[in-house]
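# Geometric and topological summary
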Amino acid sequence: MGDEEYLRQTVGLARASRAAGNHPFGALLVGPQGEVLLTSGNTYGTDRGVGHAETNVAQAAARAYAPEFLARCTLYTSVEPCCMCAGAAYWAGIGAVVYGLTEKRLAEMTGDNPENLTLDLSCHQVFAAGRRPVAVRGPFPALEAEIAADHLDFW
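Every chain's residues receive numbers from 1 upward, in the order its sequence appears when written. Reporting of local features is limited, given that this is a predicted model, to residues whose pLDDT is at least 70; pairs of side-chain atoms are given and counted only at 80 or more, and all residues count toward the totals for whole chains, interfaces and linings. Each side-chain value is worked out from all heavy atoms of the structure, with water and hydrogens disregarded.

## Describing the sheet that holds strand β1 (residues 26-30)
Hydrogen bonds between backbone atoms are what pair the strands of a sheet, whose relative direction is either parallel or antiparallel. Any two strands with at least two DSSP-identified bridges between them are counted as paired. The helix count covers DSSP runs of H or I at least four residues long, the strand count covers runs of E at least two residues long, and both are numbered beginning at the N terminus. Strands sit in the order β2-β1-β3-β4-β5 across an open sheet of five strands; the sheet is mixed. This sheet does not close on itself; its edge strands, each paired only once, are β2 (36-41) and β5 (135-137). The average undirected angle you get between the axes of adjacent strands in this sheet is 15 degrees. Pairing of β1 with strand β3 (residues 74-79), which is carried by four bridges, proceeds in the antiparallel orientation. Looking across to β3, one finds that Leu29 is bridged to Leu75. Angles shown run from 0 to 180 degrees and are taken between the N-to-C directions of axes, each axis being a line fitted to C-alpha atoms and, for helices, limited to the stretch in contact.

## Quick word on helix α6 (residues 103-110)
Only protein chains enter the area calculation, which uses a 1.4 Å probe; residues under 20% of their type maximum are buried, those over 50% are exposed, and those in between are partly exposed. If you check which residues of α6 are buried, you get Glu103, Leu106, Met109 and Thr110. Here the buried residues of α6 occupy an arc of 115 degrees about the axis, which is enough to place them on one side. What points out from α6, more than 90 degrees from its buried face, is the exposed set Lys104 and Glu108. The inward-facing, buried residues of α6 contact β3, β4 (96-101) and α8 (144-152). Looking one or two residues beyond α6, the residue adopting positive phi is Gly111, at roughly 55 degrees. Along the arc lie the directions from the helix axis toward the C-beta atoms. Should any heavy atoms of two residues lie within 4.5 Å, those residues are considered in contact.

Laid out in structure tokens, this is it:
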């Protein structure tokens, strides 16, 4: 399976998250052999502003796997990780991050919604400030409309 297929799975997780009354975000962790190890949607309903899908996956990954293993894993997420989520992925030791839609594009859709006051800080900047490399791939313009569809009438 390739990046776009995994990203489409995160879109499904985002839709399920929204259907459950949470924000429309989804993330999953893929192991070195291509197996999906962990998944999460957003958990805003119970965690408020810190229940981001990527942070949920990073925390579960840090509890379940050794850093040496996580360095060979990839976090896939429907939308570029915010600085909190990028930090969680970094501290968990995840080696790569792949996202579909940019944080800037998300900010255009959310505006000043108090439930998602995006920070103008790319995950690329967060990872560049670290002391270990995190490979980043994204955005995927071919998936933008599909990902944005769950956000356009949400915020």
